[in-house]
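# Report on the structure
In case you want the letters, here they are:
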Amino acid sequence: MLHATDWQKSTYSGDGSNCVYVAATPTGTVHLRESDDPDTTLITTRPRLGELIRALKAQPPAP
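I will try to describe carefully the structure that is included in this document. Bear in mind that the values here come from a model prediction, so they are computed numbers and not experimental data.

Right, let's talk about the overall build of the protein chain for a bit. Summing up its helical and strand segments, the protein chain has one helix and four strands in all. Overall, the C-alpha framework of the protein chain stretches about 40 × 30 × 20 Å when taken along its three principal axes. The buried share among the 63 residues of the protein chain stands at 19%. Taking all contacts inside the protein chain whose residues are at least 6 apart in sequence as the whole, residues at least 24 apart take part in 11%. Carbon together with sulfur atoms contributes 57% to the accessible area of the protein chain, which is approximately 5,200 Å² in total. Here the protein chain holds 6 positive side-chain charges and 7 negative ones, and the gap between their average locations is 11 Å.

Our next topic: the pattern of salt bridges. All told, the structure shown has one salt bridge when counted by the stated rule. In this structure, the salt-bridge partner of E51 is R48, at a minimum N-O distance of 3.6 Å. Note that E51 and R48 are positioned in helix 1 (residues 46-58) at a spacing of three residues, about one turn of the helix. The partly exposed category is assigned to E51, whose relative accessible area is 42%. Judged by relative accessible area, which is 54%, R48 ranks as exposed.

Across the sheet, which stays open at both edges, the four strands sit in the order 1-2-3-4 with antiparallel pairing between neighbours. Across the chains shown, the open sheet's two edge strands, defined by having one partner strand only, are strand 1 (8-9) and strand 4 (37-45). On the sheet, helix 1 packs against strand 3 (29-34) and strand 4 and is oriented at approximately 100° with respect to strand 4.

This brings us to the pairing of strand 4. Pairing analysis gives five bridges linking strand 3 to strand 4, with the strands arranged antiparallel. Residue pairing in the sheet places V30 in a bridge with T44 of strand 4.

What counts, and where the lines are drawn
- Residues numbered from 1 in each chain as written.
- Predicted model: local features only at pLDDT ≥ 70, side-chain atom pairs only at ≥ 80, totals over all residues.
- Heavy atoms only, no water.
- Helix = DSSP H or I, 4+ residues; strand = E, 2+ residues; numbered from the N terminus.
- Buried < 20%, exposed > 50% of the residue type's maximum accessible area, 1.4 Å probe, protein only.
- Contact = heavy atoms within 4.5 Å.
- Areas by Shrake-Rupley, 256 points an atom, 1.4 Å probe, with all protein chains shown as cover.
- Lys, Arg positive; Asp, Glu negative; His and termini not counted.
- Charge placed at Lys NZ, Arg CZ, Asp CG, Glu CD.
- Salt bridge = Lys/Arg side-chain N within 4 Å of Asp/Glu carboxyl O.
- Pairing = 2+ DSSP bridges.
- Axes fitted to C-alpha atoms, helices over the stretch in contact; angles between N-to-C directions.

Okay, structure coming up:
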């Protein structure tokens, strides 16, 4: 587990209680967690995270 000081709050999280935190590691992986469940961490790579973000941005808005 990463130290709390290694986590950064996403700038898109705003001031609400549902926040996403991101941490990059020296090995090149990216760790993601949600403030509601900080013990659950998703681990990915920068290229894969970039693919996910691009795919989400390409989706039309929900009705």
